[in-house]
Amino acid sequence: MTMSAKISFDKYCGTGNDFIVLDNRTGSFDQQDQALWQRICDRRFGVGADGVLFFNNSDEYDFEMAYLNADGGEVGMCGNGARVLTSFAKKIQFDKTDFKFKTRDGVYSSSVLKSGLIKLEMTQLSEINTIDVSDLITSKDSFFMDTGVPHCVYFLDSLDNIPLMEWGAKVRYDKRFSEGANANFVEIIDEGHLKVRTYERGVEGETLACGTGATACAWAYRELYKQIDHIKIDVPGGELEVLFEDGKVYLSGKVEKIFSGVFEV
Ligand SMILES: N[C@H](CCC[C@H](N)C(=O)O)C(=O)O
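Residues numbered from 1 in each chain as written. Predicted model: local features only at pLDDT ≥ 70, side-chain atom pairs only at ≥ 80, totals over all residues. Heavy atoms only, no water.

Per an unreviewed UniProt entry, the protein chain goes by the name Diaminopimelate epimerase and belongs to Halobacteriovorax marinus. Of the comments in the UniProt record for the protein chain, the one headed Pathway (unreviewed entry) reads "Amino-acid biosynthesis; L-lysine biosynthesis via DAP pathway; DL-2,6-diaminopimelate from LL-2,6-diaminopimelate: step 1/1." According to the UniProt record, the Subcellular location (unreviewed entry) comment for the protein chain is "Cytoplasm". (UniProt positions renumbered as here; feature names shortened; annotations may be inferred.)

Below you can see the structure in the form of structure tokens.
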């Protein structure tokens with residue numbers, strides 16, 4: 001744990017997925033201090049968040065993003081987090097609407113739309129249905145893909161009353177995933193309109209939205225049901241949209257700054 005310190009942060013929300021955002025352009029924060037970041041994410045003893053986003057300098061791109069889950073562990077990508085950092089970048093010194101940034105998982109592009117929504121090009125899509133995950137949860141259909149982080153997708157008739165924590169943990173900790181995986185449960189509301197609930201690795205519980213998860217669900221829907229290019233996704237935190245255009249995949253949705261604060265450790 002870092003010696004006593006005052007940490008200035010911004011609290012943001014990407015469609016209900018909430019984050020601590022740190023301007024780390026001076027490189028003053030120790031991203032490896034897992035105990036510290038776990039503490040700040042604690043919803044009782046800390047500020048409370050699903051994860052921590054570091055806005056780092058980059059020589060080649062507009063910025064570099066590092067992401068830690070609420071457990072303080074670093075993972076390669078966070079779709080809603082990348083949308084949040086895009087909004088943050090626009091607010092601090094960038095009179096731009098289009099950004100290019102580096103993550104541990106690869107280079108991404110994002111835009112601030114006239115509507116105020118933030119649109120992210122999902123560039124690191126892989127492992128498309130390479131693992132059979134159907135044995136873990138009884139469902140109509142199942143799918144696996146890596147959208148920057150690993151996601152299992154299960155199509156169900158209804159998301160009401162499902163034992164999400166039990167099912168989510170069963171998937172998340174299954175031994176076929178050496179570093180775990182996220183679990184997404186999907187109800188088809190209508191053609192091109194899904195309802196999704198997600199159990200997130202590293203949060204170890206349901207989040208109100210999961211950007212990479214929503215993208216995996218939209219991809220699975222197009223593969224298994226209907227090749228629709230514009231997919232609306234209702235999540236507990238609001239609405240996300242996944243667009244398939246000219247061979248690219250885009251995730252868009254709302255981003256809000258909630259407050260700025262100082263965390264004293
Ligand atoms: N918990 C995820 C990372 C964050 C994903 C999610 N918050 C998103 O918006 O993509 C994992 O450990 O794979």
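After that view of the structure, there is still more to cover.
As a further point, take the UniProt feature "binding site: substrate" (unreviewed entry) in the protein chain. According to UniProt, the feature "binding site: substrate" (unreviewed entry) maps to Asn17, Asn69, Gly79, Asn80, Asn182, Glu200, Arg201, Gly211 and Thr212 in the numbering used here. As for the annotated residues named above, the ones lining the largest cavity are Asn17, Asn69, Gly79, Asn182, Glu200, Arg201, Gly211 and Thr212. Here glycine 79 shows up in helix H2 (residues 79-91). Of the residues examined, glycine 79 reaches a relative accessible area of 1% and is grouped as buried. Those residues in contact with glycine 79 that sit more than four places away from it in its chain are Leu120, Gly211, Thr212 and Leu251. Here asparagine 182 lies in strand E11 (residues 182-190). Not counting residues within four places of it along the chain, the set of residues in contact with asparagine 182 comprises Val149, Pro150, His151, Cys152, Val171, Tyr199, Glu200 and Arg201. (1 Å grid on protein atoms, 1.4 Å probe; cavity = no way out; pocket = protein on both sides within 12 Å on 5 of 7 lines; lining within 4 Å. Helix = DSSP H or I, 4+ residues; strand = E, 2+ residues; numbered from the N terminus. Buried < 20%, exposed > 50% of the residue type's maximum accessible area, 1.4 Å probe, protein only. Contact = heavy atoms within 4.5 Å.)

With six of its seven residues buried, strand E2 (residues 17-23) lies for the most part within the structure. Across five bridges, strand E1 (residues 6-14) lies against E2 in antiparallel orientation. Bridged to aspartate 10 within E2 is valine 21. In sequence, E1 turns back onto E2 through a hairpin of two residues, with threonine 15 there showing a positive phi of about 55 degrees. The pairing of E2 with strand E3 (residues 51-56) spans five bridges and is parallel. Looking at the pairing, valine 21 lines up with leucine 53 of E3. With respect to chirality, the unit in which E2 leads through helix H1 (residues 34-41) into the neighbouring parallel E3 is right-handed. (Pairing = 2+ DSSP bridges. Right-handed = clockwise from strand over helix to strand, strands pointing away.)

Glancing now at the site of the ligand. In the vicinity of the ligand there are 15 residues, among which Asn69, Asn182, Glu200, Arg201 and Thr212 approach most closely. One of the side-chain N or O atoms of asparagine 17 is found 2.9 Å from a nitrogen atom in the ligand. A distance of 2.8 Å is found between an oxygen atom of the ligand and a side-chain nitrogen or oxygen belonging to asparagine 182. Its free accessible area being 360 Å², the ligand has 100% of it covered by the protein chains. Comparing atom positions with the cavity grids shows the ligand to sit within the largest cavity. (Near = heavy atom within 4 Å. Polar contact = N/O pair within 3.5 Å; in protein donor to acceptor, adjacent residues only side chain to side chain. Areas by Shrake-Rupley, 256 points an atom, 1.4 Å probe, with all protein chains shown as cover. Sits in = over half its atoms within 2 Å of the grid points.)

All right, on to the packing of aromatic side chains then. The full count for this structure, using the stated rule, is 15 aromatic pairs. Summarising the aromatic geometry, the rings of tyrosine 154 and phenylalanine 185 are spaced 6.0 Å apart at their centres and angled 25 degrees between planes, so their arrangement reads as stacked. Of this pair, tyrosine 154 sits in strand E10 (residues 150-155) while phenylalanine 185 is found in strand E11, placing the two residues 31 residues apart along the sequence. Looking at tyrosine 154, the relative accessible area reads 0%, which means it is buried. Residue phenylalanine 185 is classed as buried on the basis of its relative accessible area of 0%. Put simply, the rings of Tyr12, Phe55, Phe63, Phe88, Phe101 and Tyr108 pair up and form one aromatic cluster. Of note, lysine 119 hangs over the ring of tyrosine 250, and the distance from its end group to the ring centre comes to 4.4 Å. (Phe/Tyr/Trp six-rings, centres within 6.5 Å; stacked < 30°, edge-to-face > 60°. Lys NZ or Arg CZ within 6 Å of the ring centre and 35° of its normal.)

With that settled, the discussion passes to helix H3 (residues 164-172). By the burial criterion, the buried members of H3 are Leu164, Gly168, Val171 and Arg172. Down the axis, H3 shows its buried residues gathered within 95 degrees of arc, on one side only. Lining the buried residues of H3 we find E10, E11, strand E12 (193-200) and strand E13 (205-207). (Arc of directions from axis to C-beta.)

This part is about the domain arrangement of the protein chain. Domain parsing of the protein chain yields domain 1 (6-123 + 253-264) and domain 2 (141-245). Just the C-alpha atoms count here: the centres of domain 1 and domain 2 sit 22 Å apart. The partner domain 2 presents 21 residues to the 19 residues of domain 1 that form the contact. Between domain 1 and domain 2, the buried area comes to about 1,300 Å², and carbon and sulfur atoms account for 53% of it. Where domain 1 meets domain 2, there are zero salt bridges. Summed over the shared surface of domain 1 and domain 2, the result is three residue pairs in polar contact (both at pLDDT 80 or more). Here the side of domain 1 that touches domain 2 takes three residues from H2, the largest share from any one element. (Domains from an automatic or database assignment. Buried area = accessible area lost by both parts, 1.4 Å probe. Salt bridge = Lys/Arg side-chain N within 4 Å of Asp/Glu carboxyl O.)

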